Amino acid sequence: MAVTSEIQAPRSGRIAPKYTRHGSSRGNFEMLAWLFMRVSGLVLVVLVFGHLFVNLMVGEGVHAIDFGFVAGKWADPFWQIWDLAMLWLAMLHGTNGVRTIINDYADKDGTRFWLKSVLYAATAVIIVLGTLVIFTFDPCPPNAAAELLPSFCPAP
Amino acid sequence: MWSWVGHRVTGVAIFFFLLVHVLDTALVRVSPEAYNVVIATYKNPFMALLEAGLVAAIVFHAFNGLRVILVDFWKKGPKYQAQLLWGVVGLWVLVMVPFLIRHLTLAFTGGH
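Note that this is a predicted model, so its numbers are computed, not measured.

Draft legend 1. Examining the overall build of chain A more closely. A tally of helices and strands in chain A yields four helices and zero strands. Helices and strands appear in chain A in the N-to-C order α-α-α-α. The proportion of buried residues among the 156 residues of chain A is 14%. Residue pairs in contact within chain A that sit at least 24 positions apart in sequence constitute 67% of those at least 6 positions apart.

Draft legend 2. Broad picture of the nonpolar core. Residues Val98 of chain A together with Ile14, Phe15, Ile58, Val59, Phe60, Ala62, Phe63, Leu84 and Val88 of chain B constitute the largest nonpolar core, which totals 10 residues. Looking at this core, the elements with two or more residues in it are helix H1 (2-26), helix H3 (45-73) and helix H4 (81-108) of chain B. Broken down by element, this core gets its largest block of residues, five residues, from H3 of chain B. The residues touching Val98 of chain A, leaving out its near neighbours within four places in the chain, are Leu119 of chain A together with Val12 and Phe15 of chain B. Core analysis: the next-biggest nonpolar cluster, separate from the first, contains nine residues, Phe67, Trp74 and Leu149 of chain A together with Val28 of chain B among them.

Draft legend 3. How the structure looks around the interface of chain A and chain B. On the side of chain B, 32 residues touch chain A, which itself brings 34 residues to the contact. Contributions of two or more residues to the side of chain A that touches chain B are made by helix H1 (29-57), helix H2 (67-74), helix H3 (77-105) and helix H4 (109-136) of chain A. If one sorts the elements of the side of chain A that touches chain B by residue count, H1 of chain A sits on top with eight residues. For the side of chain A that touches chain B, the per-class residue count stands at 24 nonpolar, seven polar and three charged.

Draft legend 4. How the structure looks around H3 of chain A. Compared with an ideal rise of 1.5 Å per residue, which puts 29 residues at 42 Å, H3 of chain A spans 42 Å between its outermost C-alpha atoms and is within 8% of the ideal. Those residues of H3 of chain A lying buried are Asp83, Leu87, Ala90, Met91, His93, Gly94, Thr95, Gly97 and Val98 of chain A. Buried-residue contacts for H3 of chain A involve H1 and H4 of chain A together with H1 of chain B.

Draft legend 5. Main features of the packing of H1 of chain A against H3 of chain B. Contact pair H1 of chain A / H3 of chain B: the axes reach a minimum separation of 10 Å and the direction vectors enclose 150 degrees. Comparing their axes, H3 of chain B and H1 of chain A come out roughly antiparallel. Helix-helix and strand crossings are classified by hand; for H1 of chain A and H3 of chain B the assignment is left-handed. Where H1 of chain A abuts H3 of chain B, its residues Arg38, Gly41, Leu42, Val45, Val48 and Leu52 of chain A lie against Val55, Ile58, Ala62, Gly65, Leu66, Ile69 and Asp72 of chain B.

Draft legend 6. Molecular detail of the confidence of the model for chain B. Residues and elements named next belong to chain B. A residue-level look at chain B finds 97% of positions with pLDDT of 70 or above and a mean pLDDT of 92. Within chain B, helix H2 (residues 32-40) has the poorest average pLDDT of any element, 92, and H1 the best, 96. Both confidence scores are given for the complex: pTM 0.85, ipTM 0.92.

Draft legend 7. Focus on the packing of H3 of chain B against H4 of chain B. Residue and element names in this part refer to chain B. It is the contact of H3 with H4, at a shortest axis distance of 9 Å, that shows an interaxial angle of 155 degrees. Comparing the axis directions of H3 and H4 gives the class roughly antiparallel. Both H3 and H4 take part in a crossing whose hand is right-handed. Within the contact of H3 with H4, the residues separate by chemical class into 22 nonpolar, three polar and two charged.

Draft legend 8. Representation of the environment of Gly53 of chain B. Residue and element names in this part refer to chain B. Among the secondary structure elements, Gly53 is positioned in helix H3. Residue classification places Gly53 among the partly exposed positions, given that 13 C-beta atoms sit within 10 Å. A C-alpha to C-alpha distance of 16 Å links Gly53 and Phe63, two positions 10 residues apart in sequence.

What counts and what doesn't
Residue numbers here run from 1 along each chain, matching the order of that chain's written sequence. Following the order in which they are written, the chains are lettered starting with A and the ligands numbered starting with 1. For this predicted model, a pLDDT threshold of at least 70 governs which residues receive local features, and a threshold of 80 or more governs which side-chain atom pairs are given and counted, while totals over whole chains, interfaces and linings are taken from all residues. Starting at the N terminus, helices and strands are each numbered in turn, a helix being any DSSP run of H or I of at least four residues and a strand any DSSP run of E of at least two. To sort residues by burial, count the other C-beta atoms lying within 10 Å of each one's C-beta; a count of 20 or more means buried, 12 or fewer means exposed, and anything in between means partly exposed. C-beta atoms are built from the backbone. Once C-beta atoms are placed from the backbone, any two residues with those atoms within 7 Å are in contact. Nonpolar core, as used here: buried Ala, Val, Leu, Ile, Met, Phe, Trp, Tyr and Cys residues forming one set through C-beta atoms within 7 Å. For this classification, the nonpolar set comprises Ala, Val, Leu, Ile, Met, Phe, Trp, Tyr, Cys and Pro, the charged set comprises Asp, Glu, Lys and Arg, and every other residue, Gly included, is treated as polar. Multiplying 1.5 Å by the helix residue count minus one yields the expected span of that helix. Axis definition: a line fit to C-alpha positions, over the contact stretch in the case of helices; interaxial angles, taken between N-to-C directions, run 0 to 180 degrees. In this scheme, roughly parallel covers angles under 35 degrees and roughly antiparallel covers those over 145, while 65 to 115 is roughly perpendicular and the rest are oblique. Crossing chirality is assigned from the near helix's rotation relative to the far helix, an anticlockwise turn below a right angle marking it left-handed and a clockwise turn marking it right-handed. Each residue gets a pLDDT score, which is the predictor's confidence in that residue and runs from 0 to 100.

Structure representation (structure tokens):
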């Protein structure tokens, strides 16, 4: 007499919670962070190489950098947007990278918590400060010495 | 393995530079004098060498990052990951040689 047995299709049923690959509370944050590193990295290669080329290679290079140089660039919305995108993407890319390193090397829960708290606080301060500077910047501040200002500023 | 170590080390170094770089650039909001005084302290041969090191780190991190993307998304990426690392090293040399010639020439001669 033949033995009959029911053969279940693999992984047909509900997966026990302890075997699911994504935790319920974290959602797919880590996957999105992983994807963000690749997408932002690709954009940053263009933004950062352009930034270095224009600021260090063209004209007098590093000698040309002073208030007038920065004011001349940020008088143009093109460079405001360029630098704003670079600021946000580079800070978030760098913060996520350092977060990964803290998770890898800081063994104690308390140490990880404090290191990441300091990291996130620094990131928030730098992103807010940098964004405010780009948008509230005045290339021709009143009461400044005229020879320090870009040439397009009206004579005092 | 060493490319992974290099990617981490250069990444952290660039991140800390970035914090300082946003702070020094924020001085344009204080006054033209404040910004120019601080930037002037960067314009010497020692800082030029540090800048060269920074750019070397950025260029490696950029090209190795592109390699990581290829390994992750290109179907033959994992198979050719070692050759891709030689590509990274080659491109790094190709970019760094003209950069160093131009930047160090500017930094060590002329200017103000």
